[in-house]
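Residue-level structure breakdown
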Amino acid sequence: MKKENIKFIQGNEACVEGALYAGLDFFAGYPITPSTEIAELLSSRLPQKGGKFIQMEDEIASMSAIIGASLTGKKVMTATSGPGFSLMQEALGYAIMTEIPCVIVNVQRGGPSTGIPTHVSQGDVNQARWGTHGDHAIVTITASNHQDVFETTVEAFNISETYRTPVILLYDEVVGHMRERLIVPKKGELPLVERLRTSVKEGVDYHPYLPREDGRLPMSDFGGVHRYNVTGLFHDMWGFPSDNPKIVHGLLRHLVDKIQNNVNQIARYKEYYLKDAEIILISYGSSARSANHVVVSRRPRGEKLGLLELQTLWPFPYDIVREKCAKAKYIVVVEMNMGQIMHEVRRAVDQPEKVFLANRIDGVFITPTDIRSLLRLIQGKGV
Amino acid sequence: MPIKDYIRERFFPHIWCPGCGHGTVMNGLLRALDSLGMSKNEIVMVSGIGCSSRISGYVDFHTLHTIHGRALAFATGVKLSLPELNLIVPMGDGDALAIGGNHFIHAARRNIDLTAIVMNNRIYGMTGGQYSPLSGYGTLATTAPYTNIDHSFDTVELATAAGATFVARSTTYHIQQLTKILKQAILHEGFSVVEVLTQCPTYFGRKNREGNAVDMMESYKKNTTPIGSKAKKENPDLIERGVFIQKEMPEYCSEYDKIIEKAMASLKT
């Protein structure tokens, strides 16, 4: 292996490597801890390949700018943390409504408000799902190590182009700032999805918002031969505002169904020792590292522990979680918030009373000891 | 090209009230664009939210009807990613200078080549007549039933101070001048601001007893004057019309091209 393909870097840098591998052309952002390294690195790397970087006046403008750039046919991304993510919710809803591909990285820190900027949290899970107003579907992916950060970043661009949807990469401060090895895959090793463009010829009517039979909407770049309207209002197949109840209903169904009907295709997860596991840990992001440590270190002692590491958080893979947890005595969700994914797991499994929470909410990374203490408690072994 | 070829007739009738000035602005803009002979494919119109922002639906360009106040931020993304496009950004006074005020001053500061048209009717029309940052002290609005105590921005001074390199003002009464100014603004390489005084007889006019649309347009004739005119010296209350600022400054996208050159050169060394 060539030396330049092996890197010892931060998770934020692995995200940048993944984005460039996926073909990122345009980044707009605003400085915020703990995601700033992504902007810094892209301000240097993007123009080297003829791409564009711009530091906007705030996160509202950053999100708006990447949507504008995406319409010219570019692959676009922004990166932020909680407070900035709050500001982005407005234009995030616009990208959902107008079906414009874009990738938003949220390297989570503790909240609410300015919170605890330099420390870890996983408190934005539900904000990623429901932060913007109105019924909608969203795709949110996360990872616990740099190889997976790289791969999920590439995957985020692929999903974004496939379903014409914003995709949220919900990393956390530990993953973002931790340093470990990344092996950058060779060109062609990971599949890349390019934008589906319309084959409608010039002079023939192009309907920008008329889905094909498979639900996909081929795009036409701004500056090209098809001139059409894009609006955040409910709109007809021309992209023109409409309050016709049939059109409103049809569009909302389309926006939600195109994601929810593909939940199993979108779902990414990893499993460790699940087959005969009596106690299943479910975790994601950096907390999955501690959960994994518990499983791997206790297995040699005969404890039947397993780990289901979720990478896709939204749409939540209810069926997969139910099936994997069917035989478990206990299910322990390990996360650094007050149970945001635990509630989803309870909704997924047949016996919600079997589901426990092992968490930390003090800005300190959850350790294997924290998890083991809880395991002893639920097994009636005391501390 | 006939002006109707710039219009999406499919989407008419428009939503504007009888007597609204916005149609006149659209007319002036389309005539300006026609006289420049640009291809419709190279024009992108980005607008925000409000009566004025609906203009983007009616014109046959690439059109992006965005969210309230953010039109300039979206337009910045379109322009920087594909600088050969011509960006026209019509906004209302509330859209541009209340909720969008921050984006307005920063777009001006960057001197990115966008043409911002502030269609100033001094009121939030779409929501039914609330006061805007340009309504002015002493005016009446549905949210200022005892008179407005907010002072207004001077759009021209604000744009100038923020760094816009082309700043002009006209009115719907002075349509010939407006068309000429819009043409200059579009040709200008850098951030251009054109403020257009445009009447809202339905809300501003009715609330403030300014009469019907014709009366309001007459008042633009009476209350405005060319920049630096003798009339202005005699009556300082008159509002000046014309081109206030037109200067050469490095344009943002051209400057970014130099960044790309530097970045690429750094790879070779």
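Residues numbered from 1 in each chain as written. Chains lettered and ligands numbered in written order. Predicted model: local features only at pLDDT ≥ 70, side-chain atom pairs only at ≥ 80, totals over all residues.

Either a parallel or an antiparallel arrangement is found when strands of a sheet pair, and the pairing is made through backbone hydrogen bonds. The strand order across the open sheet built from 9 strands is β10(A)-β2(B)-β1(B)-β3(B)-β4(B)-β6(B)-β5(B)-β8(B)-β7(B), with neighbouring strands paired in mixed fashion. The strands lining the two open edges of the sheet, one partner per strand, are β10 (229–231) of chain A together with β7 (224–226) of chain B. Neighbour-to-neighbour, the strand axes of the sheet open up by a mean angle of 20°, direction not taken into account. Where β7(B) meets strand β8 (residues 239–246) of chain B, 3 bridges bridge the pair, whose relative direction is parallel. Looking at the pairing, B:P226 lines up with B:R241 of β8(B). (Pairing = 2+ DSSP bridges. Helix = DSSP H or I, 4+ residues; strand = E, 2+ residues; numbered from the N terminus. Axes fitted to C-alpha atoms, helices over the stretch in contact; angles between N-to-C directions.)

With that out of the way, let us pick up the sheet that holds strand β13 (residues 305–310) of chain A. Residues and elements named next belong to chain A. The 5 strands lie next to each other as β11-β13-β12-β15-β16, forming an open sheet whose pairing is mixed. This sheet does not close on itself; its edge strands, each paired only once, are β11 (269–272) and β16 (355–359). Each adjacent strand pair in this sheet contributes to an overall mean axis angle of 20°, direction not counted. Examined bridge by bridge, strand β15 (residues 330–335) and β16 share 5 bridges and lie parallel to one another. Bridging across to β16, V332 finds its partner in F356.

Another aspect to go through is the interface of chain B and chain A. At the junction of the two partners, chain B supplies 35 residues and chain A supplies 35 residues. Elements with a minimum of two residues in the side of chain B that touches chain A: α2 (55–58), β2 (62–65), α3 (71–81), α5 (101–110) and α11 (252–268) of chain B. Element by element, the count of residues in the side of chain B that touches chain A is highest for α3(B), at 8 residues. Its residues assigned to classes, the side of chain B that touches chain A shows 18 nonpolar, 13 polar and 4 charged. Alignment of β10(A) against β2(B), held across 3 bridges, turns out to be parallel. Note on β2(B): the bridge partner recorded for A:N229 is B:T63. (Contact = placed C-beta atoms within 7 Å. Nonpolar A, V, L, I, M, F, W, Y, C, P; charged D, E, K, R; others polar.)

Residues and elements named next belong to chain A. Entries for chain A in the domain assignment read domain 1 (3–183) and domain 2 (271–378). Once you take the C-alpha centre of each, domain 1 and domain 2 turn out to be 26 Å apart. Taken together, the 26 residues of domain 1 in the interface contact 19 residues of domain 2. Those elements that place two or more of their residues in the side of domain 1 that touches domain 2 are β6 (116–120), α5 (125–130), β7 (139–141), α6 (146–163), β8 (166–172) and α7 (173–177). (Domains from an automatic or database assignment.)

Looking at chain A, pLDDT values average 97 and 100% of them are 70 or higher. Per-residue pLDDT, averaged within each element of chain A, yields its smallest value for helix α13 (residues 368–378) of chain A (96) and its largest for strand β2 (residues 26–29) of chain A (99). (pLDDT = per-residue confidence, 0-100.)

Below, the discussion takes up the pairing of strand β3 (residues 52–55) of chain A. Residues and elements named next belong to chain A. As defined by bridge partners, β2 adjoins β3 across 4 bridges and the pair is classed as parallel. When the bridges of β3 are listed, A28 appears paired with I54. For the crossover from β2 across helix α2 (residues 36–48) to β3, the handedness is right-handed. (Right-handed = clockwise from strand over helix to strand, strands pointing away.)

On to unusual backbone geometry, then. With an omega of 0°, the peptide bond between A:T33 and A:P34 qualifies as cis. With respect to the helices, strands and loops of the structure, A:P34 is situated in the loop between β2 and α2. Here the amide bond leading from B:F12 into B:P13 is cis, since omega sits at 5°, within 30 degrees of zero. Within the secondary structure layout, B:P13 lies in the segment before α1 (22–36). You will see that B:R122, though not glycine, has its phi angle at about 65°, which is positive. Along the polypeptide, B:R122 turns up in the loop between β4 (114–120) and α6 (155–162). The residue B:T147 is not glycine, and still its phi comes out positive at about 90°. Looking at the secondary structure, you find B:T147 in the loop between β4 and α6.

This brings us to the environment of B:M91. Residue and element names in this part refer to chain B. Relative to the helices and strands, M91 is located in strand β3 (residues 86–92). For M91, a count of 28 C-beta atoms within 10 Å puts it in the buried group. Each C-alpha atom, one on M91 and one on S47, is 6.1 Å from the other, the two residues being 44 residues apart in sequence. If sequence neighbours within four positions are ignored, M91 has contacts with S47, G48, S52, S53, A71, A96, G100, A116, I117, V118 and M119. (Buried ≥ 20, exposed ≤ 12 C-beta atoms within 10 Å, placed from the backbone.)

With respect to the helices and strands, the residue B:S192 is situated in strand β6 (residues 192–197). In the structure, B:S192 is positioned 104 residues away from B:I88 in sequence and 9.7 Å away in space, judged by C-alpha atoms.

Of all the positions in α5(B), only B:H103, B:F104, B:H106, B:A107, B:A108 and B:R110 are classed as buried. As for α5(B), its buried residues are in contact with α3 (59–70) of chain A together with α3, α4 (93–97), β4, α6 and α11 of chain B. At the C-terminal side of α5(B), B:N111 shows a positive phi close to 55°.

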